Amino acid sequence: MVVCPRLFTPEEGGVGAMERKLFDELVRSLKEAALISNAFANGGASRNVGHVEQTLSGSSPMKLLDLKNRIEAVGWNTNALEYAPALLEKINRLKSTNKYSALLRQLSSANEEGDLLGRVLEVNFADCFESKGINLQYGAKQGGNGDVDFMWQLDCLQIYIELKQIGQDRDTRNSIHTQLCASNIYEISLGDGLKDIVRLQRDLIQKASTKKFSASLSNNTINLVAIDVSALQLGGVDVDDCLLAAGGNALVSGYGHELVGVFEDPTQMALNSQQCNWMKDVNSVAVGEPHPRSYIHGALFLFREPRDTRALSFNLQQVIVWNPALGTDRQRREICSSLKTVIPFKSKPMKPRTIGND
């Protein structure tokens, strides 16, 4: 159970300096968001936004004021602005490589919170590599209509990585909002991990779209789907949930047998009725489409620190789950060895062999 401290109004007795400061900051934040919303509605913010877009897409380093204007344009305030200098350093490092103009253009035109969060994740992810002198290609093609977010050339391997940022689900956010409006306090249960596993599986399958990835593999191609899970369960997502979503019960014993992992092969399993329903309702693709287990080599789960969604500059840790049907142990060891120098493991490193044998 997570409980949010009550927010006092100044009229109530016994209000201390800390409570008054919190209340004033909340009121100021709400006013800032309202002013920004009104400015966009009246067209008053268009000039500043256009200037930010021009600055981001140009060749000169971005200025702090321009980045703050972009952050404020989506309604964020003091907490997010505190991270602007650190994010600016990463943006300008990417900008200096002359390889990320498309990413920075998308960042400059992000007018909604979800869009900005996705672009910020890509900036932080790319900077993990570029800050260590490791090159990435942004917007890589595999022959489909769409682009895969990144391609990392590791010796003879071409590693394609598609990123996804998962936010807290709408029902939970709405529940918190309703409770706060009623009583300035909220509580939620973090016990239903199965709902998050459903979301993880569906997002893994959706991001593995054949509009971006090719289902025809070459020996030197490695396909990964990377998912930032930091916002799930208000930052309390269990690593076991990630292992279950991708690898299934073979990776986490004692959980039960009602699901099938994305990389588990149901044709090699004696499915019970619950697993059959799971395959039909969750772990499935459109008719005529190949299942991701036939062309996605692994799932890379990312964890931010700090976990707050307003922390626009953050460090990353990772847990990777491999598909045993694709690639070799040697390829997995090579990738794990290099990746951990860029993004550290979240916990004890997993063995390259995860489910079954090569």
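Only a predicted model underlies this, so the values are computations on that prediction, with no experimental measurement involved.

Participant: Any chance you could break down the confidence of the model for the protein for me, citing the residues and the numbers?
Facilitator: Mean pLDDT over the protein stands at 79; residues scoring 70 or higher make up 72%. Here residues 1-52 is modelled with pLDDT under 50, and outside its nearest four sequence neighbours on either side it reaches 49 contacts, counting other chains as well. Between residues 348-358, whose pLDDT stays under 50, and residues either more than four places distant or in other chains, the model counts 24 contacts.

Participant: An account of the packing of helix α6 (residues 101-108) against helix α7 (residues 113-130) is needed here, citing residue identities and associated values.
Facilitator: α7 packs onto α6 with a crossing angle of 150° between their chain directions and a minimal axis gap of 9 Å. Here α6 lies roughly antiparallel to α7, going by the angle between them. For α6 against α7, the interelement crossing comes out left-handed. On the side of α6, the interface is formed by Leu103, Gln106 and Leu107, while α7 contributes Leu116, Arg119, Val120, Glu122 and Val123.

Participant: Describe the pattern of salt bridges, listing the residues and the values that go with them.
Facilitator: Under the definition given, this model contains 11 salt bridges. Here Arg93 makes a salt bridge to Asp127, at a shortest N to O gap of 2.6 Å. Separated by 34 residues along the polypeptide, Arg93 in helix α5 (residues 84-95) and Asp127 in helix α7 bring together distant segments of the chain. Between Lys207 and Glu162 there is a salt bridge, with the nearest N and O atoms lying 3.1 Å from each other. Residue Lys207 is located in helix α9 (residues 193-207), and its partner Glu162 is located in strand β4 (residues 157-165); the two are separated by 45 residues in the primary sequence. Residues participating in the shared-partner salt-bridge network are Glu89, Arg93 and Asp127.

Criteria and thresholds
Residues numbered from 1 in each chain as written. Predicted model: local features only at pLDDT ≥ 70, side-chain atom pairs only at ≥ 80, totals over all residues. Heavy atoms only, no water. pLDDT = per-residue confidence, 0-100. Contact = heavy atoms within 4.5 Å. Axes fitted to C-alpha atoms, helices over the stretch in contact; angles between N-to-C directions. Helix = DSSP H or I, 4+ residues; strand = E, 2+ residues; numbered from the N terminus. Parallel < 35°, antiparallel > 145°, perpendicular 65-115°, else oblique. Left-handed = near helix turned anticlockwise from the far one by under 90°. Salt bridge = Lys/Arg side-chain N within 4 Å of Asp/Glu carboxyl O.

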